[in-house]
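Each chain, written out:
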Amino acid sequence: MQSKREFIKTAVMASMLLAAPAICIAQDTPWAEIGYDRILVANTNGDRLAVRFRTGQRYDNSNLQQLNWLWRDWRAGGAHRQIDPLLFGDLALIQTRMSLDFAEPKLILVNSGFRTASRNATIEGAARNSQHVQGRACDFNMVGVSPALVVGYAESYGVHGLGRYADFTHIDVGPEGRRWSG
Ligand SMILES: [Zn+2]
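Description of the structure in this document. Predicted, not measured: the structure shown is a model, and the values here were computed from it. (Residues numbered from 1 in each chain as written. Predicted model: local features only at pLDDT ≥ 70, side-chain atom pairs only at ≥ 80, totals over all residues. Heavy atoms only, no water.)

A few points about empty space enclosed by the protein
Here comes step 1: A complete count under the given rule lists one cavity of 30 Å³ or more for this structure.
Here comes step 2: In this structure, the largest cavity encloses a volume near 60 Å³.
Here comes step 3: Surrounding the largest cavity, 14 residues form its lining, Arg72, Trp74, Arg75, Ser112 and Gly113 being those nearest its centre.
Here comes step 4: With three residues, the single largest contributor to the lining of the largest cavity is strand β5 (residues 108–112). (1 Å grid on protein atoms, 1.4 Å probe; cavity = no way out; pocket = protein on both sides within 12 Å on 5 of 7 lines; lining within 4 Å. Points joined across faces, edges and corners; volume = space filled by probe spheres on them. Helix = DSSP H or I, 4+ residues; strand = E, 2+ residues; numbered from the N terminus.)

Some details on the coordination of the zinc ion
Here comes step 1: Surrounding the zinc ion are the protein donor atoms His132 (NE2), Asp139 (OD) and His170 (ND1), which sit 2.0 Å from the metal.
Here comes step 2: Along the chain, the residues donating to the zinc ion are arranged with the sequence spacing H-x6-D-x30-H. In this pair, aspartate 139 sits in strand β6 (residues 137–142) while histidine 170 sits in strand β8 (residues 169–172), placing the two residues 31 residues apart along the sequence. Judged on exposure class, the residue aspartate 139 and its partner histidine 170 are both buried. (Donors = N, O, S within 2.8 Å, 3.2 Å for Na, K, Ca; no water. Buried < 20%, exposed > 50% of the residue type's maximum accessible area, 1.4 Å probe, protein only.)

Some points on the side chain of threonine 29
Here comes step 1: Considering the arrangement of structural elements, one finds threonine 29 in the loop between α1 (4–26) and β1 (38–43).
Here comes step 2: Engagement of the side chain of threonine 29 in a polar contact is seen with the backbone oxygen of tryptophan 31, the distance being 3.0 Å.
Here comes step 3: Among the polar contacts listed, one links the side chain of threonine 29 to the backbone oxygen of isoleucine 34, at a separation of 2.6 Å. (Polar contact = N/O pair within 3.5 Å; in protein donor to acceptor, adjacent residues only side chain to side chain.)

A look at the pairing of β8
Here comes step 1: Every second residue of β8 is oriented toward a common face, with Thr169 and Ile171 on one face and His170 and Asp172 on the other, all of them buried.
Here comes step 2: Both β6 and β8 contribute to a ladder of four bridges, which runs antiparallel. When the sheet's bridge partners are listed, phenylalanine 140 is paired in β8 with threonine 169.
Here comes step 3: Direction of pairing for strand β7 (residues 161–164) relative to β8: antiparallel, over a ladder of four bridges. Bridged to leucine 162 within β8 is isoleucine 171. (Pairing = 2+ DSSP bridges.)

Description of the layout of surface pockets
The rolling of a water-molecule-sized probe over the atoms marks out the regions of remaining empty space.
Here comes step 1: Of the pockets and cavities examined, the largest pocket occupies roughly 400 Å³.
Here comes step 2: Every residue lining the largest pocket is counted, 21 residues in all, and those nearest its centre are Arg115, Gly125, Ala126, His132 and Tyr165.
Here comes step 3: Those elements that place two or more of their residues in the lining of the largest pocket are β5, β8 and β9 (178–181).

Here's the deal with unusual backbone geometry
Here comes step 1: Positive phi, close to 60 degrees, is recorded for alanine 103, a residue that is not glycine.
Here comes step 2: Along the chain, the position of alanine 103 falls in the loop between α3 (85–102) and β5.
Here comes step 3: With relative accessibility at 61%, the residue alanine 103 sits in the exposed group.

Regarding the pairing of β5
Here comes step 1: For β5, the buried fraction is high: four of the five residues fall into the buried class.
Here comes step 2: Where β1 and β5 come together, three bridges link them in parallel fashion. Residue pairing for β5: asparagine 43 is matched across the bridge by valine 110.

Some remarks on the packing of α3 against helix α5 (residues 147–156)
Here comes step 1: Close contact between α3 and α5 brings their axes to 10 Å; oriented N to C, the two are set at 120 degrees. Between α3 and α5, the crossing angle belongs to the class labelled oblique. Considering only the axes of α3 and α5, their crossing is right-handed. Every residue of α5 that contacts α3 at Ile94, Arg97, Met98, Asp101 and Phe102 is listed here: Leu149, Val150, Tyr153 and Ala154.
Here comes step 2: The class makeup of the residues in the contact of α3 with α5 is seven nonpolar, no polar and two charged. (Axes fitted to C-alpha atoms, helices over the stretch in contact; angles between N-to-C directions. Parallel < 35°, antiparallel > 145°, perpendicular 65-115°, else oblique. Left-handed = near helix turned anticlockwise from the far one by under 90°. Contact = heavy atoms within 4.5 Å. Nonpolar A, V, L, I, M, F, W, Y, C, P; charged D, E, K, R; others polar.)

Here it is in structure tokens:
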């Protein structure tokens, strides 16, 4: 039979486990390229970038421009626009948490970032007023991890838009509470 002391110890450990995400948000990572204010990201055109987009509450505009360029619609001549930096914050959060849990840096591979309206219109199933067109979305893989697992992390952080697909995950920083499966 479990003693009272052991019961309390178990209860305290359980509460520590529940509190773990909040604790981990405050901690830093062992990797220079991974953290809540920086991102390690590539696109399917072969570009790769490790960049700090924020220091404290301040965004670094020149580094954001590098990310805007990586997010460009390279299938449409490299058209690009300003991307909502909150998206990078959400991605960095998911990347940091997953890297810590897997104990190795996880690379974000962007399949589709910004899309021109005309190219978006050619994509089957894409919303006409897609968050991709507005510079607020990302279809991506966390390299080496199944999308089903990525969805769980994204959901736990309450991302605004979350699309579940067999081969990738969509997140965006548009209106809250949108969920779908493709
Ligand atoms: Zn998408």
